[in-house]
Structures are given as structure tokens and as C-alpha cells.
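# Survey of secondary and tertiary structure
The primary structure of each chain is shown beneath.
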Amino acid sequence: MALKLHGFPMSTCTTCILTCLHEKGLDFELVPVNLFAGEHKQPPFLSKNPFGQIPVLEDGEFTLFESRAITAYLAEKYKETGCDLLRHNDLKEAALVKVWLEVESQHYYPAIYQIVHQFFALPLQGKTADQAIIDVNLEKLGKVLDVYEARLGTTKCLAGDFYSLADLHHLSYTYYFMKTPWASLINSRPNVKTWWEDISSRPAFKKVAEGMTFGDN
Amino acid sequence: MVMKVYGPVRAACPQRVLACLVEKGVEFEVVHVDLDSGEQKRPDFLLRQPFGQVPVVEDGDFRLFESRAIIRYIAAKYAEQGPDLLGKSLEEKAVVDQWLEVEAHNFNELVYTLVLQLLILPRMGERGDLALAHTCEQKLEKVFDVYEQRLSKSRYLAGDSFTLADLSHLLAIRNLVKEAGMAHLVTERKSVSAWWEDISNRAAWKKVMELAS
């Protein structure tokens, strides 16, 4: 099979790409990487991603890492198929997708990552979550969500009145966040809540979410 | 109408945008924003950039923020003039994107934290966390090892040509080498050294440094 994704079905970055692959209706093979055994930090994998991180995409002979580069590649290569995730026909719309992808990357992700990491990942490693870190990041995330609330009062989705990669890249971390005791940060903001319900109910994501079982008993 | 760049010429992220504009030979006007007085956090600026940060670019009535999104827009809009900063084929463009993401996620935070602890906080009369700075330095050693490996096989990060991926590193590496006393991270690595020598001597970057001085 031409498209191979090396990753882990519960992992946030892997699931972003799985969602993109499903939005485009593409055939692919998911090659599991054994994170618990440190497979991603050892030589065979390091030759695919020298930073020792998942996911990695192989498209025939071509290898790519960094999840936002991978989804952009897939969205560009298959731009005529499925949802137009990059708005390739409109320079300004395409630019706005990149703006809100950067906002996710620079503002949303740093705060939400800390909360999800403390609440889900640390207990799996036998460690205790640090509530102080969670509290600091809840405050940061709240401020970011205030900006989102204002933005989503003017547009249906982040980059405009259209679903794009900018919205897609919020799905995985937010999905886990909604399983924490602090889901009210999303639910108490009506525009954000509507947007979240809309994007998380897309069939492509629902398919992927079935495998995202952190936090389930 | 000339593109407007809001932000002080001395600040890092506006320099990322200015470098791209100069490379592409695009006319622009800098509108100074007084960060020291907190101009960027005032209501009228927040209408331009809701996170209260620089730079912001106005291209006519089209407004953009986030420097890495802005440079992608400029490189795409002016694809036919100046050097090709995006890559030609689908795969080349993806590799440019990949190294831009590496800069944003594996590199920038470490440099920012190190510079904050060693330079910015002391300049503000506060104590920097030297242990944290040292940890960042050690992590940067490992990141630069990966860059050395990459640049021993390819002249620039994304391939044989200078692209946005290289451009995006200019301001951070300049800070490491010239301000933070971390030149050894570059000079101890043959391929990284040669690459830095090359990209930091580009006419466009020298012009940006002149504007900032």
C-alpha cells in the first residue's frame, strides 16, 4: 500500500492525520509504533524521523514527519478529493487557514497539551498530576478560548465559513480535554461549544475517535 | 498599495516577515509598535491581533497575523518574483513545511526560553534561571546534532535551495550566536557552520539587520 502512517491510534498527532486521511477517503496502512518499548527513539525509526517522534508518513519512497506538514501534504496532493481542507483556489482563504493553524500551534496547543498530559499521560506512567501546572494552563486556555469565542461569533469555523485543516487540528486534544473535569471551558462559551459539536460530529473524526480510549474505564 | 508590517524592526518575529519581504523584493512600510509601553495590549491593537502580539501585516484590507503564516502568504502571493522560497514540487513544498514545523516546535521554544533566562530577564533587573537555561542548551545540542546530520546531506534544510525553512531560523540563531554566548552550538558543527555562514550573509538578511540597527 502506498500510504503508510507510522503512529499510535490513541495518540493525538497520529489521530489528526487519521482524520485527514478519512476526510479524503484514502486507503492507507497504520503501522503501530511501540512507544512503551521506546521504539521511536531507536535507530530503525530514527532513520524515518531523526527527532524520534511519531507520526511519520511514508508515501511510496517519500517520507515526511511533523503532523501539520503531513496533513498539509495530504490535503494538497488530494485537493480534488473529499473536503477542501486547504482552500487551494483562494489565496486569502488559504492564508487564513495557515493563520489559524499557527494560532492552534502557538496558543491553543501549548496550554491544552499540558492539561491533557498531566491528567492522562502521567498517571499511565505511575506519576501524579501536578494541579498547579493544570491550573496555570486552564487559565491560559480560557484566555485563548475567549479569542475563539469572539472569532466564532463572526465565522462558522476558524478560518472562515468553511471547515479546514485549522479546525481539524483542534480535534484530538480537545476530544481528550472534554473527558477531563474542565470541559466547561468549552461548554460555557456558546460559539465555541457550537463549533466543537459541529466539528467533532463529522463522520471522519467519529471513526477515529473510536480508537481514542485514554480516560475510558 | 504598499504592504504594512506592524511591529518594531528590532523584534524577532517582525524580522521573520521583513526578511521574507526583502528576499521577494516586495515593497513595505513598517508601522512601529511600542512594546515597552504595552501598545500591543491596548484595545485598538487587539482589534488587529486578538492575542496582542506582533507582527501584523495589512495587505490592502486583508489582515494577517502569526509570522509563519504571513511568510507563507507572501511566498505564495509573490511566487513569480525573487527566489523560490516554497519549493516547486509537492514533495519539495512538504519538506519545506516539515522543517518550518521543526523550527516552530523543536527549536524555537528552546531558544526563546534560553534567551529569556540569560538576556531578557537580567535586562529587566530580574534573575534568570540558569539551570533552566543550561537544560535548554543541552537540548539544543541534540537538536543541532540532527541539523548537522541533515545539512551534511543537503545544502539547505529542505534541499538544494534556500527556502522559508532556512529563513525562519535566522533570527533565533542570530540571537544564540551574537547575544546569548551560544556560538559554539553552531561553530562546533561543520555543516551547521557552513549553512549559517551562507544564510546569515544573504543580502536580504543583511538589509534587515541594517534596518534593525
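Everything below is about the structure printed above this text.
Reference entry: report on the structure contained in this document. The structure displayed is predicted, hence computed values, not measured ones.

### Observations concerning the nonpolar core
Counting 142 residues, the largest nonpolar core has Leu74, Tyr148, Leu165 and Phe177 of chain A together with Phe107 and Tyr147 of chain B as the members making the most contacts within it. If sequence neighbours within four positions are ignored, Leu165 of chain A has contacts with Cys20, Thr71, Ala72, Ala75, Leu85, Leu86, Val97 and Leu101 of chain A.

### A closer look at empty space enclosed by the protein
This structure, assessed with the given rule, holds 1 cavity of 30 Å³ or more. Each pocket or cavity is described by its volume, and for the largest cavity that value is around 80 Å³. Lining the largest cavity are Arg68, Ala69, Ala72, Lys98, Leu101 and Glu102 of chain A together with Arg72, Asp97 and Glu101 of chain B. For the lining of the largest cavity, the elements supplying multiple residues, two or more each, are helix 3 (67–77) and helix 4 (91–124) of chain A together with helix 4 (90–123) of chain B. Its residues placed into classes, the lining of the largest cavity shows 3 nonpolar, no polar and 6 charged. Residues lining the lining of the largest cavity come from more than one domain, with at least three contributed by each of domain 1 (3–77) and domain 2 (91–207) of chain A.

### Examining the interface of chain A and chain B
Taken residue by residue, the interface counts 30 residues in chain A and 30 residues in chain B. Across the interface of chain A and chain B, roughly 2700 Å² is buried in total on both sides, 72% from carbon and sulfur atoms. Linking chain A with chain B are 2 salt bridges. Taking the shortest distance from any N to any O, the salt bridge between Arg68 of chain A and Glu101 of chain B comes out at 3.8 Å. Scanning the region where chain A abuts chain B turns up 7 residue pairs in polar contact (both at pLDDT 80 or more). Every element with two or more residues in the side of chain A that touches chain B is listed here: strand 4 (62–65), helix 3, helix 4 and helix 5 (131–151) of chain A. Among the elements that line the side of chain A that touches chain B, the one with the most residues is helix 4 of chain A, at 13 residues.

The rules we used
- Counting restarts for each chain, with residues numbered from 1 along the sequence as it is written.
- Whichever chain is written first is A, and whichever ligand is written first is 1; the rest continue in order.
- In keeping with the predicted nature of the model, local features appear solely for residues at pLDDT of at least 70, side-chain atom pairs appear and are counted solely at 80 or more, and the whole-chain, interface and lining totals rest on all residues.
- Excluded from the side-chain calculation are hydrogens and water; included are all heavy atoms of the structure.
- Among buried residues, the Ala, Val, Leu, Ile, Met, Phe, Trp, Tyr and Cys ones that are joined through side-chain atoms within 4.5 Å form a nonpolar core.
- A simple rule labels every residue: compare its accessible area, found with a 1.4 Å probe on the protein chains alone, to the largest value its type can have, and call it buried under 20%, exposed over 50%, or partly exposed in between.
- Any two residues having at least one pair of non-hydrogen atoms within 4.5 Å are treated as being in contact.
- Any residue with an atom within 4 Å of a point lines the site, the site being either a cavity, points on a 1 Å grid over the protein atoms alone where a 1.4 Å probe fits but cannot get out, or a pocket, an open set with protein on both sides within 12 Å along at least 5 of 7 lines.
- Grid points are joined across faces, edges and corners, and a volume is the space filled by probe spheres set on the points.
- Numbering of helices and strands starts at the N terminus; helices are DSSP runs of H or I of at least 4 residues and strands are runs of E of at least 2.
- Each residue receives one of three labels: charged for Asp, Glu, Lys and Arg, nonpolar for Ala, Val, Leu, Ile, Met, Phe, Trp, Tyr, Cys and Pro, and polar for the others, Gly being one of them.
- Domain borders in the structure are assigned automatically or taken from a domain database.
- As used here, buried area is the combined drop in accessible area, with a 1.4 Å probe, of two parts when they are placed together.
- Here, a salt bridge means any side-chain nitrogen of Lys or Arg that lies within 4 Å of a carboxyl oxygen of Asp or Glu.
- The definition of a polar contact used here is a pair of N or O atoms within 3.5 Å, where within protein one atom must be able to donate a hydrogen and the other to accept one, and adjacent residues in sequence count solely through side-chain atom pairs.

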